[in-house]
Amino acid sequence: MMPLLQSHRRAELREKQLLCRWKKLPSKMPKCIDAQSVDDLPVDLRFSCEKEFGFELSVVESIAELELKEIVNNLEYPWTTIEDFDHIFWKVNNPIAVFAKNHWKEDWFFGNQFLNGFNPVLIEKCTKIPPKFNVTDDMVRKFLGNSTLKQEMKNGNIYIVNYEILDGIPASVIKGVQQYIAAPICLLYRNEQNHMIPIAIQLKQIPGEDNPIFLPSDAELDWLLAKMWVRSCDFQHFELVSHLLKTHLIAETFSLAILRQLPSVHPIHKLLAPHVKYTMYINTNARLKLIGDGGSISQMFGVKEDHFHLLCSKAFQMLTYRSLCLPENLEDRGVTELRGYCYMDDGLRLWEAIHEFVTRIVMYYYKTECEIKDDPELQAWIKDLTEVGLGDNDNKGTEFPTAFHTRKDLCKFLTMIIFTCSAQHAALNNAQYDWGAWIPNAPCSMRKPPPTTKGIVTMEHIMESLPSLHQSCLQMAILWILNQKPCEMTKLGYYKEKYFTEEKVQTIIGQFQEELKKIDSAIREYDENLVLNYEYMRPENIENSITT
């Protein structure tokens, strides 16, 4: 490389490192940019005027409707039955949200959400019942067609979702009302109709007489409330761990390291820049208005405001590189043989397409393994990213690379970044209004403690447990905002800024776009046979980067 060009590259990085500094957070979390507000960000990291106007307008519209619904309901309606949630469900014509309203009590619908709802990343194959979950054959035999747990585990039909990570997380007080959190364990059975059916729910981690195992054969309201507790915990885990931590915060770490260590002419910078565009802006805004002191989330979630970081930090310490790579994640959870798992089916298609695209780019620019090892900017980037940005992850089994030795290793890591910032975020973000607009299906908090005995639950108790009118309206408003297609949306694989000028690379980009079109067509064709379409990972609906 010519000395003058090398000097310009170094000068660019020095300037960026002064402007884009790592900020250490109070708890062990992925590091973010040192900015108090979006005004502190470099100009080229901010929304365009049109995009910012569109975002702010959607916020104003949503908050106005929230306030109107709350005023009308405070004046006109009692808040005593599940049907009263209809009063804030007006103008909702989203087909999945309406379907959820009509079917949320049904066990098959409850189970399906672990596969194709807003948090399809927790379900695992169960090969052994946890010692603290004392489920017996006598309890569940009738739900297994007179089979046994041992036999059905051997058949690969028993699955589990465990919210142990929520155990010990302090609950909030909202407008003087104590909120409550549980840490449920939910056992599921894949039946002959290929439905994922819940067969046992324990709401706390430590077994005991005050922690019964709820069953489908229990009183209707007992079983319904147990499922609502699971859905409430799933919603909070989804927003704070699956969505916030594992897409937004991780993506910001990727983005900041790219700016700090890869000059704009570097091919990996050119490859990744469109996939981290605006992420620091949306995250800085969220820290101020959503998850910061007095933010909207603190007015609705059961998790205590100053303990959002505690939950995220707890999850971050469990984070591994494998868990961010979809094929390994699915393999580790033992779910690769599930049928009707659209998140998996669509996600693997996209992972493969992105990996093929990335591989062609890398092979074009790096002809040998030695060129990877001898690229100081590339090595500085991965070192800064994993040793500094992700450096507070103390999990010894994380396996995040601190150097690249082969083109294969680089391709996998780049695939993980692009997938996380596009397809994975779309699968989570784009689903939240569909499944969370009908509040009883995904309560943002619970206002009564988990039941400690069976046979005493009434509708009055359920309504007193569910979020207040204010919390419910706020939940609908925020989910609506986050679910809006962004102004100036750039679809996955399309690049408005022409970072690459080489004809060969333009051909590779064209091939990627054609493959994405084929995937989109295949998903649409498959969806025609589904009761509920799964469109979150259609390439047409996936944005290149995280901007909402």
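Right above here is the structure, for reference.
Report on the accompanying structure. (Residues numbered from 1 in each chain as written. Predicted model: local features only at pLDDT ≥ 70, side-chain atom pairs only at ≥ 80, totals over all residues. Heavy atoms only, no water.)

### Examining the packing of helix α8 (residues 267–276) against helix α16 (residues 407–429)
Then, number 1: At a closest axis distance of 9 Å, the pairing of α8 and α16 adopts a crossing angle of 20°. Comparing the axis directions of α8 and α16 gives the class roughly parallel. Of the two possible hands of crossing, α8 and α16 adopt the one that is left-handed. Only Leu410, Leu414, Ile417, Ile418 and Cys421 of α16 make contact with α8, whose side of the interface consists of Ile268, Leu271, Leu272, His275 and Val276.
Then, number 2: A breakdown of the residues in the contact of α8 with α16 according to their chemical character gives nine nonpolar, one polar and no charged. (Axes fitted to C-alpha atoms, helices over the stretch in contact; angles between N-to-C directions. Helix = DSSP H or I, 4+ residues; strand = E, 2+ residues; numbered from the N terminus. Parallel < 35°, antiparallel > 145°, perpendicular 65-115°, else oblique. Left-handed = near helix turned anticlockwise from the far one by under 90°. Contact = heavy atoms within 4.5 Å. Nonpolar A, V, L, I, M, F, W, Y, C, P; charged D, E, K, R; others polar.)

### Considerations on unusual backbone geometry
Then, number 1: One non-glycine residue, asparagine 194, adopts positive backbone phi at about 65°.
Then, number 2: Looking at where asparagine 194 falls in the secondary structure, it is placed in the loop between β7 (185–190) and β8 (196–202).
Then, number 3: Despite not being glycine, tyrosine 278 has its phi angle at roughly 75°, a positive value.
Then, number 4: Here tyrosine 278 shows up in the loop between α8 and α9 (279–289).

### Some details on the packing of aromatic side chains
Then, number 1: The final tally for this structure, using the stated rule, is 22 aromatic pairs.
Then, number 2: Taking the centre distance of 6.2 Å and the plane angle of 70° together, the rings of phenylalanine 85 and tryptophan 438 count as edge-to-face. Placement of the pair is phenylalanine 85 in the loop between α2 (49–76) and α3 (95–103) and tryptophan 438 in the loop between α17 (432–436) and α18 (459–465), with a sequence separation of 353 residues.
Then, number 3: Taking 5.6 Å as the distance between ring centres and 50° as the angle between the ring planes, the aromatic pair formed by tyrosine 321 and phenylalanine 413 counts as tilted. Separated by 92 residues along the polypeptide, tyrosine 321 in helix α11 (residues 321–324) and phenylalanine 413 in helix α16 bring together distant segments of the chain. Neither tyrosine 321 nor phenylalanine 413 differs from the other in exposure class; each is buried. (Phe/Tyr/Trp six-rings, centres within 6.5 Å; stacked < 30°, edge-to-face > 60°. Buried < 20%, exposed > 50% of the residue type's maximum accessible area, 1.4 Å probe, protein only.)

### Observations regarding the nonpolar core
Then, number 1: If you look at the biggest cluster of nonpolar residues, it comprises 160 residues, and the most contacted ones within it are Ile123 and Trp381.
Then, number 2: The element contributing the most residues to this core is helix α7 (residues 220–261), with 22 residues.
Then, number 3: The residues touching isoleucine 123, leaving out its near neighbours within four places in the chain, are Phe114, Leu115, Tyr159, Ile160, Val161, Leu188, Met196, Arg333, Val335 and Tyr341.
Then, number 4: Core analysis: the second largest hydrophobic core is formed by 18 residues, Ile158, Ile185, Tyr189 and Ile199 among them. (Core = buried A, V, L, I, M, F, W, Y, C linked by side-chain atoms within 4.5 Å.)

### Let's talk about the pairing of β7
Consecutive residues of a regular strand have side chains that alternate between opposite faces of the sheet.
Then, number 1: Of all six residues making up β7, six are buried, and the element is well covered by its neighbours.
Then, number 2: As judged from the five bridges shared by strand β4 (residues 158–162) and β7, these two strands associate in the antiparallel manner. If you follow tyrosine 159 over to β7, its bridge partner there is leucine 188.
Then, number 3: As paired elements, β7 and β8 share six bridges and run antiparallel to each other. Bridging across to β8, leucine 188 finds its partner in proline 198.
Then, number 4: In this structure, the hairpin formed by β7 and β8 is closed by a connection of five residues, where asparagine 194 is found at a positive phi of approximately 65°. (Pairing = 2+ DSSP bridges.)

### Let's talk about the environment of methionine 153
Then, number 1: Within the element layout of this structure, methionine 153 appears in helix α6 (residues 149–154).
Then, number 2: Counting along the chain gives 284 residues from methionine 153 to alanine 437, while the straight-line C-alpha distance between them is 35 Å.

### Structural notes on the pattern of salt bridges
Then, number 1: One pass over the structure, following the stated rule, counts 27 salt bridges.
Then, number 2: Beyond isolated ion pairs, a larger network of salt bridges with shared partners links Asp520, Arg524, Glu535 and Arg538. (Salt bridge = Lys/Arg side-chain N within 4 Å of Asp/Glu carboxyl O.)

### Some words on the sheet that holds β4
Then, number 1: One open sheet holds the five strands; their spatial order is β3-β4-β7-β8-β9, and the pairing between them is antiparallel. Either end of the sheet is taken by a strand with one partner, and the two such strands are β3 (124–125) and β9 (213–214).
Then, number 2: Here helix α4 (residues 107–116) sits on the sheet and contacts β4, β7 and β8; the angle it forms with β8, its principal contact strand, is near 90°.
Then, number 3: Sitting on the sheet, α7 is in contact with β8 and β9, with an inclination near 90° to β8.

### As for the packing of α7 against helix α10 (residues 308–316)
For any two helices packed against each other, one specifies the crossing angle of their axes together with the interaxial distance.
Then, number 1: Contact geometry for α7 and α10: axes closest at 10 Å, N-to-C directions at 75°. Taken as axis vectors, α7 and α10 run roughly perpendicular relative to one another. Here α7 contributes Leu240, Val241, Leu244, Leu245 and Ile250 to the contact with α10, which in turn contributes Phe308, Leu311, Cys312, Ala315 and Phe316.
Then, number 2: Partitioning the contact of α7 with α10 into residue classes produces 10 nonpolar, no polar and no charged.

### Here's the deal with α9
Then, number 1: Of all 11 residues in α9, eight are buried; the element is thus mostly enclosed.
Then, number 2: Looking only at α9, the buried set comprises Thr279, Met280, Tyr281, Ile282, Asn283, Thr284, Asn285 and Ala286.

### Digging into the environment of methionine 228
Then, number 1: Among the structural elements, methionine 228 can be located in helix α7.
Then, number 2: Exposure remark for methionine 228: the relative accessible area of 1% places this residue in the buried category.
Then, number 3: Once you skip the residues sitting within four places of it in the chain, methionine 228 turns out to touch Ile82, Trp104, Pro440, Pro443, Met446, Ile462 and Leu466.

### So, the pairing of β4
Then, number 1: In terms of residue burial, β4 counts as a mostly covered element, since four of its five residues are buried.
Then, number 2: Here two bridges tie β3 to β4, and the two strands are oriented antiparallel to one another. Bridged to lysine 125 within β4 is tyrosine 159.

### Overview of the state of the cysteines
Then, number 1: One pass over the full model with this rule turns up zero disulfides.
Then, number 2: The cysteine cysteine 312 is free of any disulfide, with cysteine 32 supplying the nearest cysteine sulfur at 12 Å.
Then, number 3: Its sulfur unpaired, cysteine 342 is 20 Å from the next cysteine sulfur, which belongs to cysteine 186.
Then, number 4: According to the relative accessible area criterion, cysteine 342 is buried, its value standing at 4%. (Disulfide = S-S within 2.5 Å.)

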